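Analysis of the macromolecular model
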Amino acid sequence: MLRSLAVLLLALISLSARSQDATPPLALKGEWRQGSLLFGATTPGAEVRFNGRLLRLGPQGQFVFGLDRDEPAEASLAIRLPDQPEWLLRYPVAKREYRIQRLNGLPDKQVNPEPAMQARIAAEAALNRAARARDSDTAFVFQRFVWPAKGPITGVFGSQRILNGEPKQPHYGVDVAGPVGAPVRAPAGGVVSLAHRDMFFSGGTLYLDHGYGVSSAFLHLSKILVKEGQRVRQGDKIALIGKTGRVTGAHLDWRVNWFEARVDAQELPPSGH
Ligand SMILES: [Zn+2]
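A brief look at the structure comes next. The model shown is predicted, which means the values in this text are computed figures rather than measured ones. (Residues numbered from 1 in each chain as written. Predicted model: local features only at pLDDT ≥ 70, side-chain atom pairs only at ≥ 80, totals over all residues. Heavy atoms only, no water.)

A word on the nonpolar core. Among the nonpolar cores identified, the biggest contains 51 residues, and Trp32, Phe50, Phe65, Phe218, Ile238, Trp254 and Trp258 are the most heavily contacted of them. Counting residues per element, this core draws most heavily on strand E20 (residues 251-258), at 4 residues. With residues up to four places along the chain from it excluded, the contact list for Trp258 reads Leu37, Phe50, Arg53, Leu55, Val64, Phe65, Gly66, Tyr212, Gly213 and Val214. Counting residues in hydrophobic clusters, the runner-up holds 6 residues, among them Ala131, Met199, Tyr207 and Ala217. (Core = buried A, V, L, I, M, F, W, Y, C linked by side-chain atoms within 4.5 Å. Buried < 20%, exposed > 50% of the residue type's maximum accessible area, 1.4 Å probe, protein only. Helix = DSSP H or I, 4+ residues; strand = E, 2+ residues; numbered from the N terminus. Contact = heavy atoms within 4.5 Å.)

Next up on the list: the coordination of the zinc ion. The zinc ion binds to the protein through His171 (NE2), Asp175 (OD), Asp175 (OD) and Asp253 (OD); the donor distances cover 2.0 to 2.7 Å. Geometry at the zinc ion is irregular, judged from the 4 donor atoms that bind it and their angles of 53 to 156° at the metal. Of note, the donors binding the zinc ion are all from one chain and are spaced H-x3-D-x77-D. Taken together, the residues His171 in the loop between strand E11 (166-167) and strand E12 (174-177) and Asp253 in strand E20 connect sequence positions 82 residues apart. One exposure class covers both His171 and Asp253, and it is buried. (Donors = N, O, S within 2.8 Å, 3.2 Å for Na, K, Ca; no water. Tetrahedral: all angles 85-135°; square planar, octahedral: opposite > 155°, others 65-115°.)

What follows is about the packing of aromatic side chains. All told, the structure shown has 11 aromatic pairs when counted by the stated rule. When the centroid spacing of 5.7 Å and the interplanar angle of 70° are considered together, the rings of Phe50 and Trp258 count as edge-to-face. With Phe50 in strand E3 (residues 47-50) and Trp258 in strand E20, this residue pair connects regions lying 208 residues apart in the sequence. In this structure, Phe50 and Trp258 share a single accessibility class: buried. With 4.9 Å between their ring centres and 85° between their planes, Phe200 and Phe201 make a pair best called edge-to-face. Aromatic ring contacts, followed pair by pair, group Trp32, Phe50, Phe63, Phe65, Tyr91, Trp258 and Phe259 into a single cluster. Seen from the ring of Tyr212, Arg56 lies directly overhead, with NZ or CZ sitting 6.0 Å from the centre. If you follow Arg262 out to its NZ or CZ, it ends over the ring of Tyr172, 4.3 Å from the centre. (Phe/Tyr/Trp six-rings, centres within 6.5 Å; stacked < 30°, edge-to-face > 60°. Lys NZ or Arg CZ within 6 Å of the ring centre and 35° of its normal.)

Before going further, it helps to examine the side chain of Arg96. Inspection of the secondary structure assignment puts Arg96 in the loop between strand E7 (87-92) and strand E8 (100-103). Within the local environment of Arg96, its side chain forms a polar contact with the side chain of Asp264, the two groups lying 3.2 Å apart. Look past the residues within four positions of Arg96 in its chain and what remains in contact with it is Arg33, Gln34, Gly35, Phe157, Asp264 and Glu267. (Polar contact = N/O pair within 3.5 Å; in protein donor to acceptor, adjacent residues only side chain to side chain.)

Evaluation of the coordinates by the stated rule reveals 14 salt bridges. A salt bridge links Asp198 to Arg120, with the shortest nitrogen-to-oxygen separation between them at 3.9 Å. Of this pair, Asp198 sits in strand E14 (residues 190-199) while Arg120 sits in helix H3 (residues 118-133), placing them 78 residues apart in sequence. By relative accessible area, Asp198 is classed as partly exposed at 42%. (Salt bridge = Lys/Arg side-chain N within 4 Å of Asp/Glu carboxyl O.)

On to the pairing of E7. Alternating residues of E7 divide into Trp87, Leu89 and Tyr91, all buried, and Leu88, Arg90 and Pro92, none buried. Pairing of strand E6 (residues 74-80) with E7, which is carried by 6 bridges, proceeds in the antiparallel orientation. In the sheet register, Ser76 faces E7, and the bridge partner there is Arg90. Remark: 6 residues form the turn of the hairpin made by E6 and E7, two consecutive strands paired antiparallel; Asp83 in that turn has positive phi of roughly 60°. (Pairing = 2+ DSSP bridges.)

Function cannot be inferred from these measures alone, as they are strictly geometric.
Rendered as structure tokens:
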């Protein structure tokens, strides 16, 4: 008797307004931490929103999103299956401590560009933003990334930069030191979305669109070996390390973005660099 009552109660609960499982079909890989890229999968055909933004969903229900360097302390995922109410899941985002990086002895015109340079700088920033805004269905982003260059890491993600004593934009890339002319290889497949020989800050600059809003940028290159629109495979030689733009020495600055969110490239390839 008690048992059948329990069964009846359970049936009533499941018929009530929350006629939905407590948790949605969802698998997530990655840490809820500033600067992380997270990979997920749910039922194909679902609608997934990260902080309200509709995500591109792959044919197997896969998706990806990034937590910015300065991501607020709470984020949300909303998942809706056809003909079902929405699940809204909230996640705390772990805060990171960033290093302070002081660079001194830079030419003053690089730290505080002359007014005559502002138009050029603004035009180049627009090109960079357009490359980061791409939202294509190429699925290279789901490959396991590899390092684009070999060498000691001399700069890390997120550092607050103080140039000649003045606080500036944070450093979003991971710097890999290497000689001018050393190869830069595609860390994952992609489509070349921007190839620029000489930007004011970043010198020879190359962007790969890995798909689903995820892009890589490679800065300070001495030479670019691919053309805009070209598809490259993981491991292809795409450029040569240089010391162009605002630098103090030869290195590759590799950045990974999810749209305008800056994530830590160093966390993508397996460790053991
Ligand atoms: Zn750098």
